[in-house]
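The lines below spell out each chain.
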Amino acid sequence: MNSSNNSSFNLFSTAECLFSNFSQLFPNTSLASRLYQRLDLTNLRLIFYLTTPWESTFDNINDVPNYNVQVSAWWMMLIFLEFIILTITGHSDRFALNDSITSVCAGMLSQCFKFGGRAIAIFGYIWIWENFRIIELPLNIAWIWGICLITQDFVYYLGHRAIHEAGFFWGLHTIHHSSQYFNLSTALRQAAIQAWEIIENIF
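Note on numbering: residues in each chain are counted from 1, in written sequence order. For this predicted model, a pLDDT threshold of at least 70 governs which residues receive local features, and a threshold of 80 or more governs which side-chain atom pairs are given and counted, while totals over whole chains, interfaces and linings are taken from all residues. Heavy atoms from the whole structure form the basis of all side-chain values; hydrogens and water molecules are not counted.

### Here's the deal with the overall build of the protein chain
Reasoning step 1: A tally of regular secondary structure across the protein chain gives nine helices and zero strands.
Reasoning step 2: Element order for the protein chain, N to C, with α for helix and β for strand: α-α-α-α-α-α-α-α-α.
Reasoning step 3: Should any heavy atoms of two residues lie within 4.5 Å, those residues are considered in contact. Within the protein chain, contacts between residues at least 6 apart in sequence are counted, and of these 64% link residues at least 24 apart.
Reasoning step 4: Only the protein chains shown count as cover for residues, and the accessible areas themselves come from Shrake-Rupley with a 1.4 Å probe. Surface exposure of the protein chain reaches about 14800 Å², of which carbon and sulfur atoms provide 67%. Each helix is a run of H or I in the DSSP string that is no shorter than four residues. Each strand is a run of E no shorter than two, and both are numbered from the N terminus.

### What about the pattern of salt bridges?
Reasoning step 1: The salt bridge definition used is simple: a Lys or Arg side-chain nitrogen within 4 Å of an Asp or Glu carboxyl oxygen. Going through the model one piece at a time under the given rule, you end up with three salt bridges.
Reasoning step 2: In this structure, Arg 189 engages Asp 99 in a salt bridge whose closest nitrogen and oxygen atoms are separated by 2.8 Å. Linking Arg 189 in the loop between helix H8 (167–173) and helix H9 (196–202) with Asp 99 in helix H6 (residues 97–132), this pair joins segments that are 90 residues apart in sequence.
Reasoning step 3: Using a 1.4 Å probe on the protein chains alone, a residue whose accessible area is under 20% of its type maximum counts as buried, one over 50% counts as exposed, and one in between counts as partly exposed. Assessed through its relative accessible area of 6%, Arg 189 is described here as buried.

### A word on the confidence of the model for the protein chain
Reasoning step 1: pLDDT is defined as a per-residue confidence score from the predictor, taking values between 0 and 100. Summing up the model confidence of the protein chain, the mean pLDDT is 76 and the portion of residues at 70 or higher is 77%.
Reasoning step 2: For the protein chain, the element scoring lowest by mean pLDDT is helix H2 (residues 22–25), at 46; helix H5 (residues 67–88) scores highest, at 87.
Reasoning step 3: In the predicted structure, residues 3–9 sits below a pLDDT of 50 and forms two contacts with residues beyond four places in sequence or in another chain.
Reasoning step 4: Note on residues 21–26: pLDDT is under 50 here. Beyond four places in sequence and across chains, it has five contacts.

### A word on the UniProt feature "transmembrane region" (unreviewed entry) in the protein chain
Reasoning step 1: The UniProt entry lists residues 73–91, 112–129 and 141–159 under the feature "transmembrane region" (unreviewed entry), expressed in the numbering used here.
Reasoning step 2: In the segment residues 73–91, helix accounts for 84% and strand for 0%; the C-alpha atoms at its two ends are 24 Å apart.
Reasoning step 3: Between the first and last C-alpha atoms of residues 141–159 the distance is 28 Å; the span itself is 95% helix and 0% strand. UniProt positions are given in the numbering used here, feature names are shortened, and annotations may be inferred rather than shown by experiment.

### Quick notes on the packing of aromatic side chains
Two measures describe an aromatic ring pair: the distance that separates the ring centres and the angle between the ring planes.
Reasoning step 1: The rule is short: rings of Phe, Tyr and Trp, with Trp giving its six-membered ring, pair when the centres are within 6.5 Å, and they are stacked under 30 degrees, edge-to-face over 60, tilted in between. For the coordinates displayed, the defined rule picks out three aromatic pairs.
Reasoning step 2: On the basis of an interplanar angle of 70 degrees and a centroid distance of 5.1 Å, the ring pair of Trp 127 and Phe 132 is categorised as edge-to-face.
Reasoning step 3: Under the relative-accessibility criterion, Phe 132 is labelled exposed at 51%.
Reasoning step 4: Only when the NZ atom of a Lys or the CZ atom of an Arg is both within 6 Å of the ring centre and within 35 degrees of the ring normal do we say a charge sits over the ring. Stacked on the ring of Trp 129, the Lys or Arg Arg 133 has its end atom at 4.4 Å from the ring centre.

### Here's the deal with the environment of Arg 94
Reasoning step 1: Mapped onto the fold, Arg 94 is located in the loop between H5 and H6.
Reasoning step 2: With relative accessibility at 45%, the residue Arg 94 sits in the partly exposed group.
Reasoning step 3: Residues Arg 94 and Asn 183, spaced 89 residues apart in sequence, show a C-alpha to C-alpha distance of 7.4 Å.
Reasoning step 4: Among residues more than four places away in sequence, those in contact with Arg 94 are Leu 86, Tyr 181 and Asn 183.

### Points about the side chain of Asn 43
Reasoning step 1: As for its placement among the helices and strands, Asn 43 is situated in helix H4 (residues 41–47).
Reasoning step 2: Once residues lying within four places of it in the same chain are set aside, the contact partners of Asn 43 are Arg 38, Gln 70, Val 71 and Trp 74.

### Brief notes about the nonpolar core
Reasoning step 1: To define a nonpolar core, start from buried Ala, Val, Leu, Ile, Met, Phe, Trp, Tyr and Cys residues and group those joined through side-chain atoms within 4.5 Å. Core analysis: the largest hydrophobic core is formed by six residues, namely Leu 46, Ile 47, Val 71, Trp 74, Trp 75 and Ile 79.
Reasoning step 2: Elements with a minimum of two residues in this core: H4 and H5.
Reasoning step 3: Counting residues per element, this core draws most heavily on H5, at four residues.
Reasoning step 4: Aside from chain neighbours lying at most four places away, what touches Ile 47 is Val 71, Trp 74, Trp 75 and Leu 78.

### What to know about H5
Reasoning step 1: Working rule for helices: expected span equals 1.5 Å times residues minus one. When the terminal C-alpha atoms of H5 are compared, their 32 Å separation across 22 residues agrees well with the 32 Å that a helix rising 1.5 Å per residue should span.
Reasoning step 2: Maximal helix bending in H5 amounts to about 35 degrees, located at Ala 73.
Reasoning step 3: Immediately downstream of H5, the backbone of Gly 90 shows phi near 80 degrees, a positive value. Two axes enter the definition of the bend at a residue: one is fitted to the seven residues ending there, the other to the seven starting there, and the bend is the angle between them.

Below is the structure:
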């Protein structure tokens with residue numbers, strides 16, 4: 001067995017050992033423990049939008065989970081896994097640590113600035129719903145969900161196209177495309193302010 005295989009074996013053995021003794025390494029209240037608890041199949045499904053209407057429908061807005069937080073542990077795990085695979089396969093030129101850190105920090109900053117935009121979107125949605133709704137769609141009919149899914153996806157497409165073609169919106173969005181690398185961490189490189197999300201979220 002050559003040295004590269006030995007290093008790979010040692011790396012995975014160490015990772016397996018750490019995971020098997022995780023509960024002993026960290027107290028249950030630590031950040032590491034909370035991230036570890038989010039590494040379940042439900043949160044993994046959420047990354048790929050593999051959920052059902054019944055899992056994502058809530059009677060009370062306070063019961064709606066923060067999906068970004070729910071999937072954060074898996075997302076970081078996948079970034080780390082990609083880093084390992086690219087290193088082992090000799091493609092380390094496809095990422096840079098400082099670039100990935102920048103992407104992660106940009107993603108965290110974008111979440112901080114979303115509070116204002118989401119608040120405007122929520123109040124705007126409620127105001128439009130209470131004053132201008134034409135019909136109220138039942139939630140227990142499958143084809144209603146299909147229509148809503150297609151409509152939402154189309155509105156998202158219009159918003160996304162606008163930020164790529166309209167100069168002002170492109171100026172806000174350009175940071176997302178500023179990395180020289182194309183990897184999972186780059187997806188987190190989001191602008192702190194993306195005003196189009198307000199309109200997209202209302203509709």
